[in-house]
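Report on the structure
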Amino acid sequence: MRILEGTAAARYARKLVQRGQRLEVLEPRVRRIISSVRQDGDRALRRYAERWDGLRVGQALRVSENKIRAALTSVPKEFRTALEEATANIRSFCEWQKPVECERVTRGRSLGQVVRPLTAVGCYVPGGRYPLPSTLLMTVIPAQVAGVKKICVASPRPAPATLAAAALLGVHEFYRVGGAHAIAAFAYGTKTIPQVDKIVGPGNLYVTTAKKLVAFDCAIDFLAGPTEGLILCDEGDPSFIASDLVAQAEHDPEALVLLITESRKLAQAVSRCAAKLALGNPIAEQSLRKHGAVLLAASRQQAIDWTNLIAPEHLTTTRENLPKIFNAGSIFVGDFSAQAAGDYGSGPNHVLPTGGAARFRGGLSVVDFLKVITVQELSRKGLQKMESSIIALAQAEGLLAHRKSIELRCGHA
């Protein structure tokens, strides 16, 4: 990992603000795939799945419930126990997150909100370089806690571990398709795959581009890019810090891993340790070489400013710094809060914003699967108390029918 300081470090931090993915190059090709699925449905879906997803000729697009259940009995007992523990932690956290319904009465107005789940969601689980049963847990469980009735999962070449996770959660609709064609099927529906209200979950560039293109027709969570891990501290065990950076680096050769510190001694120790820990892990080595860096800050405030500017997906820092952090997907506090714990099931979600999107939203949560709908009931006296102000505003906007609807009710028409 290179060590940058002074102007070079500041310039690099500013450069990272513009690190969003370049999806424009793929858009024409992905648009054709989406159009084909919209027009030809299952026929196009099968053609793409046989070409890219390992679907065999004659094999069903949907995984049978018997096969899903069988996967759970085929995995090692320790893995099933791990799934159960992670599931319990994630489910509990989602229950804590869930917004509540409320109602308040004031001056002739009864005001409140009701909370309603989405009707149908599509959860995308990557199936490429690594099987990711943890992503199935992170996308399906918050939807279940929200009360979504129809939860569909799509994943290319689903591994037994991923199917086992689906079985444990009681997932019935699992489709062995991936890429842009899976996103198109969720967004617009085919004979086999139902149309959903929202698509969630990370994926490759084709998946991300497809989510971008269907976003006006079907809600999405966000456009997730390569993994990001940032550590903000001036002291600590260099092996702990380096291990978190290498752990995030092994996700993707394009992963971004950073240490921001005022300590030159710590910077040098972490850089050396990361290189040793990454040996023999070609993806991590490539990521550290391309995007790994230590930024030496001149002050704590500068270090915090750079962190908020970069808005990382994963951020590890101290409790002392926590009140000053405003932009991060998920925050890990202290030496023993390994980022990998969050990846696998300490409770909070691991589907997190990247590319600076943490400036305006946090990670996936139960709230993503809910609608908070406002409710208001006014008495005649309550409306009369507001009559003059409503009429003045309607008059200023030139909306005379609005004014009339109030005057009629207040007996002044």
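Structure: above.
Residues numbered from 1 in each chain as written. Predicted model: local features only at pLDDT ≥ 70, side-chain atom pairs only at ≥ 80, totals over all residues. Heavy atoms only, no water.

Here's the deal with the overall build of the chain
Across its full length, the chain holds 16 helices and 14 strands. C-alpha extents for the chain along the principal axes are approximately 80 × 65 × 45 Å. The 413 residues of the chain split such that 50% are buried. Sequence-distant contacts in the chain: of pairs separated by 6 or more residues, those separated by 24 or more amount to 71%. A total accessible area of about 20100 Å² is found for the chain, and carbon and sulfur atoms account for 53% of it. (Helix = DSSP H or I, 4+ residues; strand = E, 2+ residues; numbered from the N terminus. Buried < 20%, exposed > 50% of the residue type's maximum accessible area, 1.4 Å probe, protein only. Contact = heavy atoms within 4.5 Å. Areas by Shrake-Rupley, 256 points an atom, 1.4 Å probe, with all protein chains shown as cover.)

Here's the deal with unusual backbone geometry
Positive phi values are uncommon outside glycine, yet Arg107 reaches one of about 50°. Its location among the elements puts Arg107 in the loop between β2 (102-106) and β3 (109-117). On the accessibility criterion, Arg107 (56% relative accessible area) is exposed. The backbone of Arg157 sits at a positive phi, close to 45°, despite the residue not being glycine.

What about the pattern of salt bridges?
Evaluated as defined, the whole model comprises 16 salt bridges. In this structure, the salt-bridge partner of Arg80 is Glu84, at a minimum N-O distance of 3.2 Å. You can see Arg80 and its partner Glu84 sitting in helix α5 (residues 77-97), 4 residues apart, about one turn around the helix. Since its relative accessible area comes to 32%, Arg80 is described here as partly exposed. A relative accessible area of 35% means that Glu84 is categorised as partly exposed. Residue Arg116 is joined to Glu101 by a salt bridge in which the shortest nitrogen-to-oxygen separation is 2.8 Å. Of the two residues, Arg116 sits in strand β3 while Glu101 sits in the loop between α5 and β2, which places them 15 residues apart along the sequence. (Salt bridge = Lys/Arg side-chain N within 4 Å of Asp/Glu carboxyl O.)

Concerning the layout of surface pockets
Space left empty within the atom packing is revealed by a probe, the size of a water molecule, rolled over the atoms. When its volume is computed, the second largest pocket comes out at roughly 300 Å³. Lining the second largest pocket are 21 residues, and of these Gly329, Ser330, Ile331, Pro348 and Asn349 sit closest to its centre. Contributions of two or more residues to the lining of the second largest pocket are made by α5, β13 (330-333) and α14 (339-344). Split into classes, the residues belonging to the lining of the second largest pocket amount to 9 nonpolar, 11 polar and 1 charged. (1 Å grid on protein atoms, 1.4 Å probe; cavity = no way out; pocket = protein on both sides within 12 Å on 5 of 7 lines; lining within 4 Å. Points joined across faces, edges and corners; volume = space filled by probe spheres on them. Nonpolar A, V, L, I, M, F, W, Y, C, P; charged D, E, K, R; others polar.)

Focus on the packing of aromatic side chains
Inspection of every chain in the model, using the stated rule, returns 3 aromatic pairs. Ring geometry for Tyr48 versus Trp52: centroids 5.3 Å apart, planes at 0°, classification stacked. Taken as a pair, Tyr48 and Trp52 lie in helix α3 (residues 42-52) at a separation of 4 residues, close to a single helical turn. With a centroid separation of 5.5 Å and 65° between ring planes, the pair formed by Phe240 and Phe336 is classed as edge-to-face. (Phe/Tyr/Trp six-rings, centres within 6.5 Å; stacked < 30°, edge-to-face > 60°.)

Brief notes about the sheet that holds strand β7 (residues 198-200)
Here we have 5 strands laid out as an open sheet, ordered β6-β5-β4-β7-β8, and parallel in their pairing. Because the sheet does not close on itself, it has two edges, and the strands there are β6 (173-175) and β8 (219-220). In this structure, strand β5 (residues 150-154) lies alongside β6, joined through 3 bridges in parallel fashion. Paired with Val153 across the bridge in β6 is Phe174. (Pairing = 2+ DSSP bridges.)

Examining helix α10 (residues 238-249)
For the α-helix, the turn length of 3.6 residues means that residues three or four positions removed from each other point alike. The terminal C-alpha atoms of α10, which comprises 12 residues, lie 16 Å apart, in line with the 16 Å expected from a rise of 1.5 Å per residue. If you follow the buried residues of α10, they end up packed against β9 (228-232), β10 (256-261), α11 (264-278), α12 (282-291), β12 (314-317) and α14. (Expected span 1.5 Å × (residues − 1).)

Description of the sheet that holds β2
Across the sheet, which stays open at both edges, the 3 strands sit in the order β2-β3-β14 with antiparallel pairing between neighbours. The open sheet has two free edges, formed respectively by β2 and β14 (370-378), since each of these has just one partner strand. Each strand axis lies, on average, 15° off the axis of its neighbour in the sheet, ignoring direction. Of the strand pairs in this sheet, β2 and β3 are connected by 5 bridges, and their pairing is antiparallel. Paired with Thr106 across the bridge in β3 is Arg109. (Axes fitted to C-alpha atoms, helices over the stretch in contact; angles between N-to-C directions.)

Concerning the packing of helix α2 (residues 27-40) against helix α9 (residues 205-214)
For the pair α2 and α9, the least separation of the axes is 10 Å and the interaxial angle reads 70°. One way to sum up the angle between α2 and α9 is to call them roughly perpendicular. Seen from α2, the contacting residues are Glu27, Arg29, Val30, Arg31 and Ile34; seen from α9, they are Tyr206, Thr209, Ala210, Lys212, Leu213 and Val214. Looking at the contact of α2 with α9, its residues break down into 6 nonpolar, 1 polar and 4 charged. (Parallel < 35°, antiparallel > 145°, perpendicular 65-115°, else oblique.)

A word on the pairing of strand β11 (residues 292-296)
Within β11, 5 of the 5 residues are buried, which leaves the element mostly enclosed by the surrounding structure. A two-sided burial pattern is seen for β11, the buried positions comprising Gly292, Val294 and Leu296 on one face and Ala293 and Leu295 on the other. Sheet topology places strand β1 (residues 2-5) next to β11; 4 bridges connect them, and they run parallel. Of the residues in β11, the one forming a bridge with Leu4 is Leu295. Alignment of β10 against β11, held across 5 bridges, turns out to be parallel. Looking at the pairing, Thr261 lines up with Leu296 of β11.

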